[in-house]
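Fold and geometry: a report
Here are the chains, one letter per residue:
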Amino acid sequence: VVVALASELLLAAPTAREPHELVNIRLDGNSHASYADWRALDESGVLAGLAGYHIEGTVNLQDGERTVSIVPLVATANFFDVVGVPMALGRGFTAAEAAAERDPRVAVVSDGFWRGRLGSDPRAVGRSLVVNGQVYTVLGVLPSRLRSVTGFGLAPEIYVPISHALMPDIDRPYASAAQLVGRLRPDQGLEAGRAAFDTVVRRRHAADAGRPRRLGAFARVTDGFIGLGPVSAFFGVVALVGALVLGIACANVAGLLLARNTVRSKELALRASLGASRWRLAQQLLVEAGWLAALGTACGTGFMLLVMATIAAVPLPLPLPLEIHAPIDWRLFGLMLTMVVTTTLVSGVLPALQGARAALSPALKQETRSYVHRRWTLRGLLVIGQVAISVGLVVTALLFLRNLLLASGLDAGFETRRTLVAQVGLIEGQYTPERRVALLGAAVERLGRLPGAERAAFAYGMPLTIRHGQTNQMLIAVDGVGGGRPFLARWAQNAVGDGYFATLGIPVTRGREFSGADAPGTPRVAIVNEAFVSQYLGGRSPVGHRLHIPDAGSDDDAEIVGVTGNIRHRTIGEAQLAAIYWAYRQRPGDARVAHVVVRSTGDPAALRRPVAQALAALEPTAAIDVQTVSQSLAFAFLPSRVGAALLGGLGVIGLTLAMAGLFALVSYSVSRRTREIGVRMALGAPRRAVVRLVVADAVVLVATGVVVGLGLAALVTPPLAAFLVTGLSPNDPIAFAGTAVLFAAISAVATLPPIRRAIGVGPLVALRTD
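Here is a short report on the structure shown in this document. Computed from a prediction, not measured in an experiment: that's the story for all the values here.

Scoring rules and cut-offs
Residues numbered from 1 in each chain as written. Predicted model: local features only at pLDDT ≥ 70, side-chain atom pairs only at ≥ 80, totals over all residues. Heavy atoms only, no water. Helix = DSSP H or I, 4+ residues; strand = E, 2+ residues; numbered from the N terminus. Buried < 20%, exposed > 50% of the residue type's maximum accessible area, 1.4 Å probe, protein only. Contact = heavy atoms within 4.5 Å. Areas by Shrake-Rupley, 256 points an atom, 1.4 Å probe, with all protein chains shown as cover. Axes fitted to C-alpha atoms, helices over the stretch in contact; angles between N-to-C directions. Left-handed = near helix turned anticlockwise from the far one by under 90°. Nonpolar A, V, L, I, M, F, W, Y, C, P; charged D, E, K, R; others polar. Salt bridge = Lys/Arg side-chain N within 4 Å of Asp/Glu carboxyl O. Expected span 1.5 Å × (residues − 1). Core = buried A, V, L, I, M, F, W, Y, C linked by side-chain atoms within 4.5 Å. Pairing = 2+ DSSP bridges. Phe/Tyr/Trp six-rings, centres within 6.5 Å; stacked < 30°, edge-to-face > 60°. Lys NZ or Arg CZ within 6 Å of the ring centre and 35° of its normal.

1. Some remarks on the overall build of the protein
The helix and strand tally for the protein stands at 21 helices and 23 strands. Per-residue burial over the protein gives 47% buried out of 770 residues. Nonlocal contacts in the protein, meaning residues at least 24 apart in sequence, comprise 80% of its contacts between residues at least 6 apart. Counting every atom, the protein has about 34,500 Å² of accessible surface; 60% of that belongs to carbon and sulfur.

2. Topic: the packing of helix α12 (residues 433-448) against helix α15 (residues 608-618)
Interaxial distance between α12 and α15 falls to 10 Å at its minimum, and their mutual angle equals 140°. Seen from above, α12 lies across α15 with right-handed handedness. Contacts between α12 and α15 involve Leu439, Ala442, Ala443, Arg446 and Leu447 from the former and Val611, Ala614, Leu615, Ala617 and Leu618 from the latter. For the contact of α12 with α15, a count of residues per class yields 9 nonpolar, no polar and 1 charged.

3. What about the environment of Gly516?
Mapped onto the elements, Gly516 comes out in the loop between β17 (508-511) and β18 (525-529). In this structure Gly516 comes out as partly exposed when scored by relative accessible area, which is 45%. For the pair Gly516 and Asp498, spaced 18 residues apart in sequence, the C-alpha to C-alpha distance is 6.1 Å. Beyond its immediate chain neighbours, meaning those up to four positions away, Gly516 contacts Asp498 and Arg585.

4. Observations regarding the pattern of salt bridges
Inspection of every chain in the model, using the stated rule, returns 20 salt bridges. Across the pair Arg183 and Glu21 runs a salt bridge, and its minimum N-O distance is 3.2 Å. Placement of the pair is Arg183 in strand β11 (residues 179-183) and Glu21 in the loop between α1 (2-11) and β1 (22-27), with a sequence separation of 162 residues. Across this residue pair, the class does not change: Arg183 and Glu21 are buried. Of the charged contacts in the structure, one is a salt bridge between Arg117 and Asp63, with a shortest N-O distance of 2.8 Å.

5. Re α12
Helix length check: α12 (16 residues) gives 22 Å between terminal C-alpha atoms against 22 Å at 1.5 Å per residue, within 8%. Contacts from the buried residues of α12 go to β14 (453-459), β22 (593-600) and α15.

6. Notes on the nonpolar core
As a rule of thumb, nonpolar side chains are buried together in soluble globular proteins. Ranked by size, the top nonpolar core spans 61 residues in total, and within it Phe414 and Phe514 carry the most contacts. Beyond its immediate stretch of four places on either side in the chain, Phe414 contacts Met462, Pro463, Leu464, Leu504, Ile506, Ile567, Arg568 and Val629. In terms of nonpolar packing, the next biggest core, distinct from the first, is built from 42 residues, Tyr35, Val46, Leu118 and Leu166 among them.

7. Quick notes on the pairing of β11
Side-chain direction in a regular strand flips from residue to residue, so the side chains alternate between the two faces of the sheet. Extensive coverage of β11 is indicated by the burial of 5 of its 5 residues. A two-sided burial pattern is seen for β11, the buried positions comprising Gln179, Val181 and Arg183 on one face and Leu180 and Gly182 on the other. Examined bridge by bridge, β1 and β11 share 4 bridges and lie antiparallel to one another. Considered in β11, the bridge of Ile25 is made with Leu180.

8. A closer look at the packing of aromatic side chains
The final tally for this structure, using the stated rule, is 13 aromatic pairs. Between Phe532 and Tyr536 the ring centres are 5.5 Å apart and the planes differ by 65°, which places this aromatic pair in the edge-to-face class. With Phe532 and Tyr536 both in helix α14 (residues 530-536) and 4 residues apart, this pair spans about one turn of that helix. Residue Phe532 is classed as buried on the basis of its relative accessible area of 0%. Through a chain of ring-to-ring contacts, the aromatic side chains of Tyr53, Phe79, Phe80, Phe93 and Tyr159 assemble into a single cluster. Its end group placed over the ring of Trp582, Arg587 keeps NZ or CZ at 4.4 Å from the ring centre.

Structural data, given as structure tokens:
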């Protein structure tokens, strides 16, 4: 399941014409290029075609009587010509009709959009959509189960061409407009294409002394997608854990096959007496192991398809639409074949070698060799290995479970129980900064008068959401501190309105917060948090001092008027960041999306509909999304929950398999020592001595496996620190101690049935045992 999910998100080939000819391209390591760069590089003709796309924004869609925010893929006019995406209905837009200079108003919609918003209308081609207040004509409908060229399972709802209406700054020389995807010529290999494209890039920017360009990444889209390193690292960790679980299962099967060969010694000896060579016997046993591996892999594949379908049906609190499909392709087939061969060899080689050495004469004479008890047998070593690996898995699972619990208990630093947040998405270019400030001010005034509302405020970003603001790192200076010399600082940044801190319950510990008097034309002001004061100012009060960011110019020259308490900005478990807040009225910027926060006197959920209605009445063309703050935090907790669920589930499977192996080994040992146990009891041995005899083996094996496993876990868990909340060590003593106690308890349960069987052996039954 883990490998299938990783393959779907990171490696699945896009639905396109000859996808192996498509390449992802970056300039200077940047993910996006300017519109002018795309046009010039495409016109060079060095590749068969070069297209671009942008998926980071949203547009407002008029859906019946309400306006919703959806994620489009904004593409260059030649996108469908270059990529070759098939259509279920109609066609894609062409370079001739969709050039940005023509200000095009055409769209292609996804299968999900067609089914959900257009009612599966077979006459959808030609219908009109109101996007950002403009009428767009539907040209085509994409097929179902389409994998977009963006990768990562992203599924844009509509595809629209780049235009000045959607991206007003595309004519700026260095404005980031599109990610580049090119198509190699049929006779052009990857290296030849890279060399030719690099030459054109260098020639185009040879005279650009201000911002020289060079070719960065140039890789086939079928080789995997560029970016999202943490996602790849997480799947790598989970895939490694899955491989360890598979190793435990193989060791379990090997142990059972070893025990089975002991019972089959007469059969194997008889085959040998009839002329079967040792290789023929080993081959037979390997084939039997292969059938087990094949059947297990088939069942696992069916389970994988079920889980993938379940994952696809579960809505996730993500800002971008995802579609997860079961990747039934050559990669999955190759993985299945590899798993069959690997599990056959790992679980079957040792039993096959042992079975091929069956003693011929004793077995044919039906002589049973007396059982000599040995603790350190091959089966015992397999159990130790299973326990050791399982200990590492359980430690990892407990770490992520502890991570989730600690993250859930962390104080976000602001009020989450009695507040709700409304994301307001305005139409691109419709509002000037001044009009946007006026609209948000009117919204705050109207929402503050709603029954059940205590107060309201607006801001650019909302903490612990995908739009949490910005994080900067550059030189900064504060007058009166360190002689006013610049120092390198890293901080979270947000622009907030008056009353923002009081509304979210963030204490202002020194000075004041912003007010309506901090308006355009007045001296610029800023507020910093306590972390900024302690990290960069040595605890000295900065109120009244001027803050300056040399690389940003005079726009960021402001007087510090207050200090606030610390809050979590990006993730719930992050190390506390320094923060700078700007007055939104003075620095509204050009972002079309803002947030309005409302603090309620009671249950905030009761205000969701009134807030949405009030904002929609104020600006009908705006896309309004209202959630309680506790609901909006679902995105912040998603990584911890996914990690705890995946690794916890694999840990439970590994633990179960290890205990099954221990149970099988102890049960086999008891069955082979039935005569010995019966004789001991007939001679007067007390039951506790028999219990001690049986338990001693299990205790030694489990204790050895736990010690080895804890040692290995201490070596391999440090890289997990990147996924854990601040303050939780990857060598967390609670996780390690809890694992040891858990194994002790479950091992006792696993050995209980064999113990009961041992003490229930009667002397007469034992003496009649062969």
